[in-house]
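# Observations on the model geometry
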Amino acid sequence: MARADFYLIQKERFREEPLLLVCELARKAHDANLWTLVLVRDDEQAERLDELLWEFDENAYIPHQVAGDDEDNLAPVLIATPDSDTPLRPVVINLRDEPVAGSFERVLEVVPADDSARGPLRERWKQYQARGLELKKHDM
């Protein structure tokens, strides 16, 4: 059964830089040998995440790239902007405003610390629930 995990930002370091949580999630997926697709909002967010994946932990190497060339299928972690036509992978980290449609094993939703941003994600929870996904919440 497919699963949707909602990661609620609580810790100060994630409040200051929410993409650090995305880096942690990508590292865990990579360590578990799970091919991961990160759906970002725009080119700027893709560039920032690309930089952070190199910098966030000097002891971690997470092979990744931004989607857009013929080598996309070689990177265990692939960052996709809305204009890229990238197939889903078993694990999808979703940073976009809409729920992920299609087939996947797990979708990871990052929930901002800002209460006003949590409302739409409550709706997304309901949408995934209506699709029959197993739901889990994690405080981070």
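Structural notes, computed from the coordinates. Please read these numbers as outputs of a predicted model, since none were measured by experiment. (Residues numbered from 1 in each chain as written. Predicted model: local features only at pLDDT ≥ 70, side-chain atom pairs only at ≥ 80, totals over all residues. Heavy atoms only, no water.)

Let us look at the overall build of the chain. Along its length, the chain carries four helices and seven strands. Expected size for 140 residues packed as a compact globule is a radius of gyration near 14 Å; at 14 Å, the chain falls within 12% of this value. By principal-axis analysis of the C-alpha atoms, the chain measures approximately 35 × 35 × 30 Å. Within the chain, the proportion of its 140 residues that are buried is 47%. Within the chain, contacts between residues at least 6 apart in sequence are counted, and of these 64% link residues at least 24 apart. Accessible area of the chain: about 7,700 Å², with a carbon and sulfur share of 46%. (Helix = DSSP H or I, 4+ residues; strand = E, 2+ residues; numbered from the N terminus. Rg over C-alpha atoms; globule rule 2.2 N^0.38 Å. Buried < 20%, exposed > 50% of the residue type's maximum accessible area, 1.4 Å probe, protein only. Contact = heavy atoms within 4.5 Å. Areas by Shrake-Rupley, 256 points an atom, 1.4 Å probe, with all protein chains shown as cover.)

This next bit is on the sheet that holds strand S3 (residues 64–66). Note on sheets: strands pair through backbone hydrogen bonds, and any given pair is parallel or antiparallel. Spatially, S3-S4-S2-S5-S6-S1-S7 is the arrangement adopted by the seven strands of the open sheet, whose pairing is parallel. A single partner strand is all that each edge strand has here, and the edge strands are S3 and strand S7 (134–139). This sheet shows a mean twist of 20° between the axes of neighbouring strands, independent of strand direction. Across four bridges, the pairing between strand S2 (residues 36–39) and strand S5 (residues 91–94) is parallel. Across the sheet, Thr-36 pairs through a bridge with Val-91, a residue of S5. Set on the sheet, helix H2 (residues 19–31) makes contact with strand S1 (3–8), S2, strand S4 (77–80), S5 and strand S6 (106–111); between it and S6 the angle comes to about 160°. (Pairing = 2+ DSSP bridges. Axes fitted to C-alpha atoms, helices over the stretch in contact; angles between N-to-C directions.)

Next up on the list: the nonpolar core. Residues Leu-21, Val-22, Val-38, Leu-49, Leu-53, Ile-93 and Leu-95 are the most contacted members of the largest nonpolar core, which totals 26 residues. At the level of secondary structure, the elements contributing two or more residues to this core comprise H2, helix H3 (43–55), S4, S5 and S6. If you tally residues by element for this core, the top one is H2, at seven residues. One finds Leu-39, Val-107, Tyr-128 and Leu-135 within the second-largest nonpolar core, a separate group that totals 17 residues. (Core = buried A, V, L, I, M, F, W, Y, C linked by side-chain atoms within 4.5 Å.)

With that out of the way, let us pick up the pattern of salt bridges. Inspection of the entire model under this criterion finds 12 salt bridges. When the shortest N-O distance is used, the salt bridge between Asp-139 and Lys-137 registers 3.5 Å. Connected through shared salt-bridge partners, Arg-13, Glu-24, Arg-27 and Asp-57 make up one network. (Salt bridge = Lys/Arg side-chain N within 4 Å of Asp/Glu carboxyl O.)

Let's shift gears to the side chain of Glu-17. Checked against the element boundaries, Glu-17 lands in the loop between helix H1 (12–16) and H2. Within the local environment of Glu-17, its side chain forms a polar contact with the side chain of Arg-48, the two groups lying 3.3 Å apart. With residues up to four places along the chain from it excluded, the contact list for Glu-17 reads Arg-48 and Leu-52. (Polar contact = N/O pair within 3.5 Å; in protein donor to acceptor, adjacent residues only side chain to side chain.)

This part takes up the pairing of S6. Taking burial as the measure, the six residues of S6 include five buried ones, the bulk of the element. Sheet analysis places S1 next to S6, joined by six bridges and oriented parallel. Its bridge partner being in S6, Tyr-7 is matched across the sheet by Val-110. Pairing between S5 and S6: four bridges, direction parallel. In the strand pairing of S6, Asn-94 is matched with Glu-109.

This part takes up the side chain of Glu-109. The residue Glu-109 is located in strand S6 in this model. A distance of 3.0 Å separates polar atoms of two side chains, one belonging to Glu-109 and the other to Asn-94. Not counting the four nearest positions on each side in its chain, Glu-109 is found in contact with Asp-5, Phe-6, Tyr-7, Asn-94, Pro-99, Leu-121, Arg-124 and Tyr-128.

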